[in-house]
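# Summary of the model geometry
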Amino acid sequence: MLLAGCPQCAEPIHELESGWECPAHRAVTPLWRPREALYDAFMDHLARADACPTLLPWPMGPGWQVSDFGVVAAPDRTAMATMTCCSGMSELDGAVDVLIVSEEPGTGLGARVARLGRSHPAGVGEGAPVARVRVGRAAVPLWTVSTGEDPDLDRTVLVGEAEGRWLWVVVYPASAALLLRDDWVLCDAADAGARLVELTFGGKPPHW
Ligand SMILES: [Zn+2]
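Note that the structure is a prediction, hence the values are computed from the model and not measured. (Residues numbered from 1 in each chain as written. Predicted model: local features only at pLDDT ≥ 70, side-chain atom pairs only at ≥ 80, totals over all residues.)

## Here we look at the pairing of strand β12 (residues 156–162)
By the criterion of burial, β12 is predominantly enclosed, with five of the seven residues buried. Note that strand β11 (residues 138–144) and β12 share two bridges and pair antiparallel. Along β12, the bridge assignment pairs W143 with V159. Pairing geometry for β12 and strand β13 (residues 165–172), over seven bridges, is antiparallel. Following the sheet pairing, L158 is matched in β13 by V169. (Buried ≥ 20, exposed ≤ 12 C-beta atoms within 10 Å, placed from the backbone. Helix = DSSP H or I, 4+ residues; strand = E, 2+ residues; numbered from the N terminus. Pairing = 2+ DSSP bridges.)

## Details of the sheet that holds strand β3 (residues 19–22)
Within the open sheet, the three strands sit side by side as β2-β3-β4. Their pairing is antiparallel. The strands lining the two open edges of the sheet, one partner per strand, are β2 (14–16) and β4 (26–28). Averaged over all pairs of adjacent strands, the angle between their axes in this sheet comes to 45°, without regard to strand direction. Both β2 and β3 contribute to a ladder of three bridges, which runs antiparallel. Within the sheet, the bridge partner assigned to E15 lies in β3 and is W20. (Axes fitted to C-alpha atoms, helices over the stretch in contact; angles between N-to-C directions.)

## Looking at helix α1 (residues 39–49)
Turning to α1, its buried residues are F42, H45, R48 and A49. The buried side chains of α1 occupy one side of the element, clustering within an arc of 120° when seen end-on. When the buried face of α1 is taken as reference, the exposed residues oriented beyond 90 degrees from it are Y39, D40, M43 and A47. Residues of α1 that are buried make contact with β1 (2–5), β5 (31–34), β7 (65–72) and β8 (81–90). Where α1 terminates, the next one or two residues include D50, which has phi positive at roughly 50°. (Arc of directions from axis to C-beta. Contact = placed C-beta atoms within 7 Å.)

## Side note on unusual backbone geometry
A cis amide bond links W58 to the next residue, P59, at an omega of -5°. The residue P59 is located in the loop between β6 (55–57) and β7 in this model. Between Y172 and P173 the backbone carries a cis peptide bond, its omega angle lying at -15°. Notably, R26 is not glycine yet its phi reads approximately 55°, a positive angle.

## With respect to the environment of L56
For L56, the location among the structural elements is in strand β6. Classification of L56 by C-beta neighbours within 10 Å gives buried; the count is 23. Taking C-alpha positions, L56 is 7.3 Å from I100, a pair spaced 44 residues apart along the chain. Excluding anything up to four places from it in sequence, L56 contacts V66, T84, C86, L186, C187 and A189.

## Describing the sheet that holds β1
The strand order across the open sheet formed by eleven strands is β1-β5-β7-β8-β9-β13-β12-β11-β10-β14-β6, and the pairing between neighbours is mixed. Two strands bound the open sheet, and with one partner strand each, they are β1 and β6. Taking the axes of each pair of neighbouring strands and ignoring which way they run, one obtains an average angle of 25° across the sheet. Here three bridges tie β6 to strand β14 (residues 185–188), and the two strands are oriented antiparallel to one another. Across the sheet, the residue bridging to L55 is D188, located in β14. Most of the contacts of α1 go to β7, to which it runs at about 35°, and overall it touches β1, β5, β7 and β8.

## What about the pairing of strand β10 (residues 131–135)?
The two faces of β10 differ: A131, V133 and V135 on one face are buried, but R132 and R134 on the other face are not. Counting the residues between successive antiparallel strands, the hairpin from β10 to β11 contains two residues, one of them, G136, with a positive phi of roughly 60°. Looking at chain direction, β10 and β14 are connected through two bridges and run parallel. By the bridge assignment, R134 is partnered in β14 with V185.

As structure tokens, this is what we get:
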């Protein structure tokens, strides 16, 4: 079962006759999140995401789990955004979380997940990219986005563009962004078919 929330903030939203409303952001397309990240809820998520890709690092490392996911979608419309979080251990960094958002520009979910405080990722496309990930057949360049005045240097925020959508990759701790090598592959879970049963769910995602 998925619960409706605001894509841009943690305020509870209300369903009116005209649609969903956030006290801070007024009319919003809801973000649907599970009470708990479980396989059945992930199937509900994929049904709602429909043609909007739900990207996961693939293959997942041993012991890695899908710890969070969400989809921004109105009924009977193609979803605007999806997010996933994968959590696991790395030899160098200990516990690592990788959050991935694919969104139509302006949805605001990527900025919220990255705890950016503004919805537009500045600096994307300026200078040389710091990493590339493979999404399907495309190599997507990623640029570091500054987290601004935020004194917590606990995460690295990388943003690029894939097929007209923003691709956000947020990595905790910041140093673990070095895991992103050129052979990093992101797969749309909707294309994974029977291999989805290999995924494990659980763990505690970072707060966003
Ligand atoms: Zn809101």
